[in-house]
Amino acid sequence: MKITVDMGHIDSIYNYGCILEHGEGVEINKKLAAHYYKIAADYGHENAMNNYGVMLLNGDGIEMDKSKAAIYFKKAIYKGCINAMANYGNMLYYGNGIKTNKLKALNYFKMAADKGNNCHIIRYARILKDGDGDVIKPNKKEAAKYFKIAADNGDEHAMFYYGIMLINGDGIKIDTKKASEYFKKSAEKGNINSIFQYGKMLYNGVGITINKKEAAEYFKIAADKGHICANSYYGTMLIKGDGIDVDEKEAAKYLKKAADNGDVTSMFNYGIQLLNGKSVQINQIEALSYLKKAADLGNSDAMLHYGNILYNGYEVKKKKRKFFSNFSNQISIDLKLIMIKKKLK
């Protein structure tokens, strides 16, 4: 490799820079990597121009020089380098070393997207979908078009985004059947959000035939991958035996995980389990803690249960006096808050 570098082979010079930058079989040497990138860049190698620009932009192994970085990015763009389009677009979008110009940045993001790279397509589509203040107006129809391109190119994230737009009719005509197809394809690729969404469609029969047993399978997969709402849905199905066998012990595991991660409905359901000792050890103090959290976050069932407990009292074995001593100062405050929240509802 070094021989061809010394002979001036441009691709070899660039590749040797990559090896030095990432330490592939040699010790990392970013200063020397930048040196070789610059040589290849000055010979017209577009990827070397981009990589050298990135190192200048970040001061990575060499002195930071954002103005010079912009020059190399623009040279690389002229040669058709996709990453340079995105990098220079980012500089314009965030005003990083150059004057902010979001509309001009959007043009560069579009250039990168139109080259067919899924990551750049999705980036451009997301900006189009949401807009950016008064500078970039949302264009949801165009966003859907780009999400579909990336989705049809096999990107699981684009499949999810496009599916959501199809469900909501967000810039395009509602088509729940097609949405279910995109969610299913994305789910099969392991996308956690699509696994959950496809489970919801199976559960509710939106765009496809109701199949609660299969929905539970998808909810469980998503839950086991860490999807909070999926934990709540699956736990609730286990409690009710909704399409699957009742298993309150297993339900408690999933509901607790969802509750501890902020899911209000699960706070209520898990609190009731703790209160009644359904497949979990009775823990009335902890149960009230979960019910209070859910009530404070607006869950009407939790408000009623917690308010009723505060109003009528709830005996905690051998600790009744201590329990009411701990909560007595809170009772009147909590009841007033509950009554206010119910009126607001």
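Draft legend 1. Local environment of the overall build of the protein. Summing up its helical and strand segments, the protein has 19 helices and zero strands in all. Each of the 345 residues in the protein was classed as buried or not, and the buried ones make up 42%. Expressed as a percentage of contacts within the protein between residues at least 6 apart in sequence, the contacts between residues at least 24 apart total 44%. When the accessible surface of the protein is totalled, it reaches about 18,400 Å², and 50% of it is carbon and sulfur.

Draft legend 2. Just the side chain of Asn 191, in detail. Here Asn 191 shows up in the loop between α11 (176–188) and α12 (192–204). Under the relative-accessibility criterion, Asn 191 is labelled buried at 4%. Of note is the side chain of Asn 191, whose polar atom sits 3.3 Å from the side chain of His 157. Excluding anything up to four places from it in sequence, Asn 191 contacts Glu 156, His 157, Phe 160 and Ser 186.

Draft legend 3. Looking closely at the packing of helix α9 (residues 140–152) against helix α10 (residues 156–168). Taken N-terminus to C-terminus, the directions of α9 and α10 make an angle of 140 degrees; their axes are 8 Å apart at the nearest point. Taken as axis vectors, α9 and α10 run oblique relative to one another. Of the two elements, α9 crosses α10, and the hand of that crossing is left-handed. On the side of α9, the interface is formed by Lys 140, Ala 143, Ala 144, Phe 147, Lys 148, Ala 150 and Ala 151, while α10 contributes Ala 158, Met 159, Tyr 161, Tyr 162 and Met 165.

Draft legend 4. Region of interest: the environment of Gly 95. Note that Gly 95 resides in the loop between α6 (82–94) and α7 (102–113). Along the primary structure Gly 95 and Ala 105 are separated by 10 residues, whereas in three dimensions their C-alpha atoms are 9.9 Å apart. Setting aside residues no more than four positions away along its own chain, Gly 95 makes contact with Asn 90 and Thr 100.

Draft legend 5. Region of interest: the environment of Asn 29. With respect to the secondary-structure elements, Asn 29 resides in the loop between α2 (10–22) and α3 (30–42). Among the residues examined, Asn 29 registers a relative accessible area of 32% and is labelled partly exposed. Through-space distance from the C-alpha of Asn 29 to that of Gly 17 is 9.0 Å; in sequence the pair is 12 residues apart.

Draft legend 6. Main features of the packing of aromatic side chains. Within this structure, the stated rule accounts for 18 aromatic pairs. A centroid spacing of 4.9 Å and a plane angle of 85 degrees characterise the contact between Tyr 52 and Tyr 72, whose relative ring orientation is edge-to-face. Within this pair, whereas Tyr 52 is found in helix α4 (residues 46–58), its partner Tyr 72 is found in helix α5 (residues 66–78), the two being separated by 20 residues in sequence. Since its relative accessible area comes to 8%, Tyr 52 is described here as buried. Aromatic pair Tyr 88 and Tyr 108: ring centres 5.1 Å apart, planes at 90 degrees, arrangement edge-to-face. One end of the pair, Tyr 88, is in helix α6; the other, Tyr 108, is in helix α7, and 20 residues separate them in sequence. With a relative accessible area of 6%, Tyr 88 lands in the buried category. An aromatic cluster is present here, built from Phe 147, Phe 160, Tyr 161 and Phe 183 joined pairwise through their rings. The ring of Tyr 93 has Lys 102 sitting right over it, with the charged end atom 5.0 Å from the ring centre. Taking the ring centre of Tyr 290 as reference, the NZ or CZ of Lys 293 above it sits at 5.5 Å.

Draft legend 7. Expanded view of the confidence of the model for the protein. Within the protein, residue pLDDT values average 90, and 88% of them lie at 70 or more. Note on residues 316–333: pLDDT under 50 across the span, and 14 contacts to partners over four residues away in sequence or across chains.

Draft legend 8. Structural detail: the side chain of Gln 197. Topologically, Gln 197 is positioned in helix α12. When neighbours within four sequence positions are excluded, Gln 197 is seen to be in contact with Phe 160, Ile 164, Ile 167 and Phe 183.

Draft legend 9. Representation of the environment of Phe 147 in the model. Residue placement: Phe 147 occurs in helix α9. The spatial distance from the C-alpha of Phe 147 to the C-alpha of Arg 126 is 8.4 Å, given a sequence separation of 21 residues. Ignoring sequence-local partners within four residues, the contact set of Phe 147 consists of Ile 122, Ala 125, Arg 126, Lys 129, Ala 158, Tyr 161, Tyr 162 and Met 165.

Draft legend 10. Focus on α6. If you check α6, its first and last C-alpha atoms are 19 Å apart, about what 13 residues at 1.5 Å a residue would give, namely 18 Å. Taken together, the buried positions of α6 are Ala 84, Met 85, Ala 86, Tyr 88, Gly 89, Met 91, Leu 92 and Tyr 93. Along its buried surface, α6 packs onto α4, α5, α7 and α8 (118–130). Taken from the residues just after α6, Gly 95 is the one with a positive phi, measuring 65 degrees.

What counts, and where the lines are drawn
Residues numbered from 1 in each chain as written. Predicted model: local features only at pLDDT ≥ 70, side-chain atom pairs only at ≥ 80, totals over all residues. Heavy atoms only, no water. Helix = DSSP H or I, 4+ residues; strand = E, 2+ residues; numbered from the N terminus. Buried < 20%, exposed > 50% of the residue type's maximum accessible area, 1.4 Å probe, protein only. Contact = heavy atoms within 4.5 Å. Areas by Shrake-Rupley, 256 points an atom, 1.4 Å probe, with all protein chains shown as cover. Polar contact = N/O pair within 3.5 Å; in protein donor to acceptor, adjacent residues only side chain to side chain. Axes fitted to C-alpha atoms, helices over the stretch in contact; angles between N-to-C directions. Parallel < 35°, antiparallel > 145°, perpendicular 65-115°, else oblique. Left-handed = near helix turned anticlockwise from the far one by under 90°. Phe/Tyr/Trp six-rings, centres within 6.5 Å; stacked < 30°, edge-to-face > 60°. Lys NZ or Arg CZ within 6 Å of the ring centre and 35° of its normal. pLDDT = per-residue confidence, 0-100. Expected span 1.5 Å × (residues − 1).

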